[in-house]
Every structure is written in C-alpha cells, then in structure tokens.
Amino acid sequence: MSFIVTNLSKKYGEKTALKHLDLEMKQPGVYALLGTNGAGKTTAIRMMLGMLSKDSGEVFWNGQPLSTETCNVGYLAEERGLYPNYSLMDQLVYFAQLRGVSKAEAKKRIQYWANRLEVEEYLHPGKNPDPDQTGGLRKRSARKKETKSKKADQLSKGNQQKIQLMTALISDPELLILDEPMSGLDPVNTDLFRAIIHEEIDKGKYLIMSSHQMATVEEFCTDIVLLNRSRVILQGHLNEIKKSYGRIHLSLKVEQDISANIHACGAVILSEKEYEYELKVSGESQANALLGSLIANGISVIRFDLREPSLHEIFVKKVGEDNESNET
Amino acid sequence: MNRMRHNLAGTGNVFWFTLTQMMKNKSNLISLVIMVLFAIASVPMMVFFSGEEVSFQEGHIDTVYYWNETDYPISFEAIRTMDPAFADLTIQQSTFSGEDALENGELLGEGEVLIHLYLDRTDGFYHVRLILPEMEEEGDVHARLSDAVSSLWEEARLLAAGASREQLEIAMGPYQGQTLTVSEFLEETSAGWEAQFAIQYGYAIVVMILLMMSASYIISAIIEEKASKLVELLLVSVQPLALVVGKILAVMVFVFGMLISMALGFAASYAVTGLFADSSVVFQSIEQMGLTSEQFQLNPLAALIAVLFLLLGYGTFSVIAGIVGACCSSMDDMESANMSVVMLVMAGYLAASIVTAAESKTVAVVTSLIPILAIYCAPVQYVCGNVNLAVICISWILQAVVLLALFLLCAKVYRSLIMHKGSRLKQKELLALIFAAWRKEREA
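Everything numeric in this text was worked out from a predicted model, so none of it was measured. (Residues numbered from 1 in each chain as written. Chains lettered and ligands numbered in written order. Predicted model: local features only at pLDDT ≥ 70, side-chain atom pairs only at ≥ 80, totals over all residues. Heavy atoms only, no water.)

Trainee: In this structure, what is going on with the overall build of chain A? I would like to understand it.
Mentor: Across its full length, chain A carries 13 helices and 14 strands. Over its C-alpha atoms chain A spans a radius of gyration of 25 Å, topping by over 25% the 20 Å that the globule rule assigns to 328 residues. Principal-axis analysis of the C-alpha atoms places the extent of chain A at approximately 80 × 55 × 35 Å. If you take every contact in chain A between residues at least 6 apart in sequence, the share linking residues at least 24 apart comes to 70%. On chain A, roughly 15900 Å² of surface is accessible, and the fraction owed to carbon and sulfur atoms is 47%. (Helix = DSSP H or I, 4+ residues; strand = E, 2+ residues; numbered from the N terminus. Rg over C-alpha atoms; globule rule 2.2 N^0.38 Å. Contact = heavy atoms within 4.5 Å. Areas by Shrake-Rupley, 256 points an atom, 1.4 Å probe, with all protein chains shown as cover.)

Trainee: So what exactly am I meant to see when it comes to a nonpolar patch on the surface here?
Mentor: Residues and elements named next belong to chain B. Taken together, the side chains of Leu-301, Leu-304, Leu-308 and Leu-389 make up a nonpolar region of the molecular surface, amounting to roughly 310 Å² of accessible area. Considering each element in turn, the nonpolar patch owes the most residues, three residues, to helix H12 (residues 300-326). Along the chain, Leu-304 falls in helix H12. (Patch = residues over 30% accessible without salt bridge, like charges linked within 9 Å, V, L, I, M, F, W, Y side chains within 5 Å. Salt bridge = Lys/Arg side-chain N within 4 Å of Asp/Glu carboxyl O.)

Trainee: It is not clear to me how the packing of helix H14 (residues 361-369) of chain B against helix H15 (residues 371-383) of chain B should be interpreted in this structure. Could you clarify?
Mentor: Angle between the axes and distance between the axes: these two values describe a pair of packed helices. Residue and element names in this part refer to chain B. Remark: H14 packs on H15, axes separated minimally by 6 Å, with the N-to-C direction vectors making an angle of 130°. On the basis of their axis angle, the class for H14 and H15 is oblique. Mapping the contact onto sequence places Ala-364, Thr-367, Ser-368 and Leu-369 in H14 and Pro-371, Leu-373, Ala-374, Cys-377, Ala-378 and Gln-381 in H15. Each residue belonging to the contact of H14 with H15 can be placed in one class, and the counts come to seven nonpolar, three polar and no charged. (Axes fitted to C-alpha atoms, helices over the stretch in contact; angles between N-to-C directions. Parallel < 35°, antiparallel > 145°, perpendicular 65-115°, else oblique. Nonpolar A, V, L, I, M, F, W, Y, C, P; charged D, E, K, R; others polar.)

Trainee: Quick question: what am I supposed to make of the sheet that holds strand S1 (residues 63-68) of chain B here?
Mentor: Strand pairing in a sheet takes place through backbone hydrogen bonds and is either antiparallel or parallel in direction. Residues and elements named next belong to chain B. With respect to topology, four strands assemble into an open sheet ordered S2-S1-S3-S4, the strand pairing being mixed. Single-partner strands in this sheet number two, and they are strand S2 (90-93) and strand S4 (125-131). Each neighbouring strand pair of the sheet contributes to a mean axis angle of 20°, computed without reference to strand direction. By the bridge criterion, six bridges tie S1 to strand S3 (residues 112-120) in an arrangement that is parallel. Along S3, the bridge assignment pairs Tyr-65 with Leu-114. Lying on the sheet, helix H5 (residues 140-160) is in contact with S1, S3 and S4; it crosses S4 at an angle near 145°. (Pairing = 2+ DSSP bridges.)

Trainee: I'm lost on the packing of helix H2 (residues 88-98) of chain A against helix H2 (residues 11-24) of chain B in this one. Help?
Mentor: Packing of H2 of chain A against H2 of chain B leaves a shortest axis separation of 10 Å and a crossing angle of 165°. Taken together, the axis directions place H2 of chain A and H2 of chain B in an arrangement best described as roughly antiparallel. The handedness of the crossing between H2 of chain A and H2 of chain B comes out as right-handed. On H2 of chain B, the residues that touch Asp-90, Gln-91, Tyr-94, Gln-97 and Leu-98 of chain A of H2 of chain A are Asn-13, Val-14, Phe-17, Gln-21 and Lys-24 of chain B. Each residue belonging to the contact of H2 of chain A with H2 of chain B can be placed in one class, and the counts come to four nonpolar, four polar and two charged. (Left-handed = near helix turned anticlockwise from the far one by under 90°.)

Laid out in structure tokens, this is it:
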C-alpha cells in the first residue's frame, strides 16, 4: 500500500494557501505535517481528502485517486464538532454507517472504543445499575432517563474529543489523519491518546499527523514536512534531518560558574539557570575541548549531554531563517 | 451516471438519520401532535358550529302518535319509507290530544313523539307540531321527522286539490333559493367565483404552511451541521450532494407525513363523529360553498395533478432552501436565511390570492406555468377549469427543467460553500462564486 501526494497547490484569489506539496508514504508509519499557524497544514489535509478543490496536484492511495470508495479514511479534524442535541450513540452509529459499517458491528465497535477511551458512562449510562443504588422503587421513566445516551453538549471538551477520536477509528481505517489530536487534552488523556496512536501504528496503519506539540510529533513520526507561508521549507526522514544538523546542543550541569571556560572555548550560551547551561557548540571536538578544560580546572561535571537539535529547535531555526530570507 | 451515483452514495443513511432525529425532536413531535389533534377536532367543531346538535339516533324515536285535526287525510305509514332511521317505527293514531300530552308528561314515554296537525283559525295557518316527552331534547332525528310529516301533509293537500301523480312530482321537486345582483345574474358566475376563490385560498394556505415548514427545517438542518463544525467529519464519508439530498428527502417525508397524519386524523374523526352526529354537515357546508364535483373537476386525475405539483414545487423550494442554507455558517444567519425563502413562498401565496380575483384565464395560465407560482395555482386552476391538461403538462416540464437546473446549481454551490465560514454570502457574492466554479470547470 502507498499514500502519495504530488504537487498539491491551492490559491484563494491572489493569496497562495499551499504551494507544491509532495509527500510519499510507501510503508506504514507516521508522516507529520508541521508548520506555523496559517502555514497551510489544514488546507493540505482538506485537499488530500477532497473537501477543498485543488488548483493542481493529485492524491493517490494504492495508485488510485484517493476517495471514499478507494480508501477507508479515518479523520480527526482540527475543528471538532458533534451534533449538540442528538444522542451520542445515534451519532456514532450514523458515522459508522456512513463508512459502510453495519449497525450491529458499529454497536460492537462503539462498545469496544467506549471502554478503551473510558467514555462508557456517557454512551451507556446506568448500564447494569446497582438496584441498591438506583432504588428499586424508582419510577421507570426516571430510570429510562438515566440509561439514555448523553448528548454532546452534556460532555466536557476532553470527552467530546474522545468521542471524535472514536468516530475517526470506528471504521478501522487504513489511513488515519489526525489534525492536532492532543490539543486541549489533560496529561492523563494525552497519555491515553498516545497509547491509542501507538496501537494504531503497531497495527500497521498509515498516519498523517499535524501538531504543534513537537515532542508528540517526535515520539511518533518517521517523516516530516515543514510548511511556512504556504511553502515546504523542510522535508524528509526525521532522523536524517536531525543527523544533518550534527550534535551541536550541549546540556551541562556543574556546581559553579563556568562562563569564562565556555567563552574561552568559543561555545555560545543559549540559557543558564543555577549552573545548568544549554550551549550551542560547533561540534563534538568543541564540546570535548570544553569538557577537558573543566576537568583540568578541577570543576566537577554533574551532567554532560551532547545531542542533535530537537524537532522544536529545528522548527524554530528553519522558520526563523525562512522568515528572514523572505524579509530580505 | 457513475459520478452521480458516487455523489449520492450515503444519501439513504443521511435520510434515515435526519428523519429519525426529526421524529425524536420534542418540538417537532409536539407540532405533529397539535396538528393531528387540530384535524381530529375540526369535524366535531364544524358539526357543532354548523348548528347540528350532537344526538344519538338509535332508539331515539320508537313510537309516533299522530293526531290529525286537518281535513286532509294523510298516510302516516309512509313515514317509514322516507328515512332509513324511521323504518322500524311504530306509528299509530293517538288516543290523547296534544294538550293532554303537554299537561301530563307521562302520556309520552321515552322514544315517543306526538305529531299534531291542525288549523289555527285565528290566523288561518296550518301547523305541523312535533311534541316530545318532557326532558327529551330535540335532536336531528326529530327535525327529519318533522320535515317528513310536513312533506306528507303538503302532498296530501295537493292530492286533495286534485293534482295528478305527475303534477305532484313536479310540485314536490327540490328547489334552491338564490339572491343575485343584476351583474351576477347576467354573468351567472357568482357561486363559481366564490367557490373558486375559497378553494384557491384554502389550498394556497396549506401549500404555504407546507413550504414554510419545509424550508425552515432544511435551512436549520444545514446550518446546524455547518455551525457544529461537523461538516469536515461527514465529508470524509459522504459527498456534499448526498448530505443535502438526504436532508431534503427526510424533511419531505416528515412534512408530507404530517399532512397525511392530519388527513387520517380528519377521516377518523369524521367516521367517529358520524356515530354520534350527522357529520355529513361537513361536506354539506362545502357543497353550500359551491365546491361540488359538478362545478369542479374533482376526480383522481385532479388529485394526481395536485400531488405531482406538490412534489415538484416542494423540490424547487427545498433546493432553494438548500442553497440559501449553504450560504450561512452560523445559527445567527438562520433568521435572515429563512426570510429570503419566506419572501418567495409569500410571492407564490400572493399570486394565488390574485389569480382568482383577476378572473382572467390568461392570468390563470401564466401563473400555472411560472415554476415558483405553479405549485399554488396550477392544480386549483385545473380543477376550476381555467387551464387545461396541455397547460398542466407544459408546466410540469418547465418545473422539472427548473428543478433540475436548481439541483445542479445546489450541488455546485453546496460543494463550494460547505466549508464556508463567516457572514452569510450576499446574492452578488454567490453569483460570483457560481461563475468562478463554472469557469474553473470549463478550464478543467
């Protein structure tokens, strides 16, 4: 299976929304769509899914144009919505049926995902109620009301997001597109979402993910494309991109002020807090020279961590460079 | 064809979901119940206000005593043949006078009546009196008995005067009184015009309610979906056209179902009221207005024509509602969106009000041909005999063409605007967008 996007472009009048986006996934994995706000990530996703007309470009799944007929797509949109006044159960069954899942199968899958995402109480409230707690003499209408599936507007934002993730996963999609999946989630639910995404990766799914949380992207993604001002400014395999930058970031923790040593060896201090330094070095030799000078001066080194730049750092650097070059 | 099938895939699911949610909506259910109750209540109300008192017919009159003080011999036995309700009556000459019956209520038991015929010599008037037992209320059956006896007495008078059977039939034949102005008398259109106006007006009100409700439901369903930011989620599974067509069909079934429920409620009420009262007054009232099958082409073809016009007209207005709904993205725009469709609905209604008043066959033909107006005017003008079947057929073709064009336009607009956010698009912007989409398609 393969997912290929070629030369995707879109203009609104004179304004370019996306220019020449290409991406290729020949094997399962996670491809990250990164970019500043308004860079064109969501536009790209909408064009891939055929929601927006393309000025140019093609999107293929297994060599065929991507459509509802050729590919089972699961999509968690950035703008999340549910019918506010309809029962959640009805909505989930409807979304599943639209994706070709039978009603009976949909109910089974809803049960599974409700359990997995810990939202069973909203879909099947009062299921198997304890007669001691519900009160045996309570009116049937009151009991019926308690066991009715909740409506979307009765749920918190986080729980609504879980329901929306269910709608994306309910058809067991081959291609899963997640636009900012973790935004607005508390740490507990973030971990739950991360675990589910890992499960989907392990199942061999193709994932396209857009996020501003670089740590999340770094955790899952194998490939990235970085957009700025509607253009691709960086693209490729994440590890190779990082490797190309070299090990130039040094985290250092000592027990006294070493500013003089740092300046002497030519490294740049990025930040400093209570003798914990974040330094930018030219390479391994400069870092080793600094370490040698510290040891020679009898300064005890508590932490010495030389690493490649993080995705966050690469992002900020690339976008900054691009903006500067545009301004000049 | 394949493209159309692809664009409409999932319409069934959208239809069922929309219909189910409409049926589950409490305010919709309350509206449905109120309308059905209104239909059910309408028959007894009409009977009540028409002056016909509700009374039991069975066993109300068992025995008829007659006391004929006139010089004309009357065969009271003939009463049995004059009304099915009188077939089993016991009819006998009274052994007591009317005054006796009045003074002593016990003389007349339950289900007994005394018929007293006499000549009041002070004023020279003959009187036909029906005397009931004390505490018994006059009902429909008593009025009919009184009419039957009056008729027999009239017949007896004519026979006594030497009238032959043929003369009797002529003299006793039915007649109808009428008051006309000179111009009405000359044109001989008075009753027809009033009836035409009544039928056109009544039908236009029903159509207006139907269209306003439908347009409002469709616009609200479309805007709700867009305002809830659900569209993106749905578009992964269905095409925009399937979304709008599913909704239009669901609203059509709901609204037409509402009308059918009202009609069934009316029919059931008519049948049940008929057990207790003379519910035929409902149709008698309609006939009194001049709405008779002799004057109008009230036949199955007319019903078929009306249904087809309703479907085509519904389609036209609902597709317009779909386009208007697609131009909005928040519930705040709902009122103004509704208003623009209401204006069109009202235009049709006003045209329907004017078409009969104009008393011109040309106006009738023109309004029957214009698509937006045809749903209001064409079926009624056909029934009234102002337009013929050829005009109806041309109107159908015109409506079908317009509906198809609007449908294709709706598909294009809905597809282009489904992701639209911001304030409602003005007509100028909408036209620009349509032309841009059309140009792009041509370039492609």
